[in-house]
Amino acid sequence: MNLGERRLLLSWLPPSSRNKAPRVRAEGKLRTTVALLGMVAGCSSSTPPSDPLADIQGRTGRLAAGAYYSCALTEDGALFCWGLGQGAGSIRKPVQVTDARDWVAVSAGQQTVHTCALRATGTIWCWGENEAGQIGDGTTTRRASPTQIGLDSDWAEVTVGNLHTCARKTNGTLFCWGRNFRGAVGEGPPTDQRTPIRVGVDADWVEVSARWYQTCARKANGTLWCWGAPRVDTIAEDRLAPVQVGTDTDWAQVSTSSEHVCARKTNGTLFCWGSNRFAALVTGSANSEALPKQVGTEADWREIANGGRTCARKRQGTLWCWGYLDFRSELVRTPTRIGVDSDWSEVDTSGGHTCARKTNGTLFCWGDNSAGQLGNGKVRAGSTTEMVQVELIP
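Residues numbered from 1 in each chain as written. Predicted model: local features only at pLDDT ≥ 70, side-chain atom pairs only at ≥ 80, totals over all residues. Heavy atoms only, no water.

**Comments concerning the pairing of strand S19 (residues 270-274)**
Next, step 1: Of all five residues that make up S19, five are buried, and the element is covered over most of its length.
Next, step 2: In the sheet, strand S18 (residues 260-265) pairs with S19 via five bridges, with the strands oriented antiparallel. Note on S19: the bridge partner recorded for Arg-264 is Leu-270.
Next, step 3: What sits between S18 and S19 in their antiparallel hairpin is a turn of four residues, with Gly-268 showing a positive phi close to 90°.
Next, step 4: Examined bridge by bridge, S19 and strand S20 (residues 289-294) share three bridges and lie antiparallel to one another. The residue bridging Gly-274 from the neighbouring strand is Glu-289, located in S20. (Buried < 20%, exposed > 50% of the residue type's maximum accessible area, 1.4 Å probe, protein only. Helix = DSSP H or I, 4+ residues; strand = E, 2+ residues; numbered from the N terminus. Pairing = 2+ DSSP bridges.)

In structure tokens, the structure reads:
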């Protein structure tokens, strides 16, 4: 580790005054804020179910860093978003999305403000930009508040890309909708799909991840499949339907980004491939890779999150990132530990900022804050390596 990286590591240490757990209190004054983040009350609550795949995948979907905005769930199922909005500017502090308390997962768009979330009822709700039908309600109308997608109540997972969305059902079937540019939807003609369309006929999908115009998904037999195309071409031709990545059958989690993909194996090893423009592949060169390349030799990786950088959590609770760690910093070409804490429980990252949560429920964000996406009540040009604690207070 060079001197610059050592200084960088020290800058990630969160102040001790930020160790208190996030507070949640009920107040009814949030219904007139930025429409695009879905601040409209009126949903009933129920107890969120446990996710039987959470331990296998290493992700819970309770935290989402999107395009200039962020979203997070509380322990009691409330959903908050903050950052870039529509019309009224940006929301600089977290605002509760409806008064429901049964949200179980959330995914945020990486290029547009387009959000989807899953409720304990097994229903999917989406809101935000909809020019390509990525909301999935059969229209291209922007939705200011969460809109239920169809009438089905057997959804198990949802993931948001650039202008498309994918979701998995409890029976293992997979659906996508929105802009089918370069095969992102994985099925149907190369036109916008305004309602969910089934991807193939297989019913053994257990995980799906969408970013930019590419999607990757994992099957119950441990195989990994991808389709669509990244922003920077690293494939010979567009993949209009799922194409298997290699022949391995021991993949445990996958995370896509606009330019590269990373995936974890059941033995805890980590692999990345695609564009190496931001040192995501940790190969020591700038060359892109079409097939998975192992990141280091460690075998204790627990969770991966891809964006403008790659962040990963280890089994002992430490957090590591590489690439452009704070959006405009010097490029870090090897996994670098973030601070000295070992109680991180979840992480997500986007093009410009990163958010991570600890086991005690405290939430921190850092990086670009030009739209208030760090949730500290400020809008600041540029980027920061200082961790900002986010308080989820109605």
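**Focus on the pattern of salt bridges**
Next, step 1: For the coordinates displayed, the defined rule picks out 18 salt bridges.
Next, step 2: We note a salt bridge from Asp-152 to Lys-169, for which the minimum N-O separation is 2.5 Å. Of this pair, Asp-152 sits in the loop between strand S8 (143-148) and strand S9 (155-160) while Lys-169 sits in strand S10 (residues 164-169), placing them 17 residues apart in sequence.
Next, step 3: Residue Asp-152 is classed as partly exposed on the basis of its relative accessible area of 35%.
Next, step 4: Measuring nitrogen to oxygen at the nearest pair gives 3.9 Å for the salt bridge that ties Asp-204 to Lys-219. A residue pair is termed long-range when its members are at least 10 positions apart, and Asp-204 in the loop between strand S12 (193-198) and strand S13 (205-211) and Lys-219 in strand S14 (residues 213-219) qualify at 15 residues.
Next, step 5: By relative accessible area, Asp-204 is classed as partly exposed at 29%.
Next, step 6: Linked through salt bridges whose partners overlap, the residues forming this network are Asp-152, Asp-154 and Lys-169. (Salt bridge = Lys/Arg side-chain N within 4 Å of Asp/Glu carboxyl O.)

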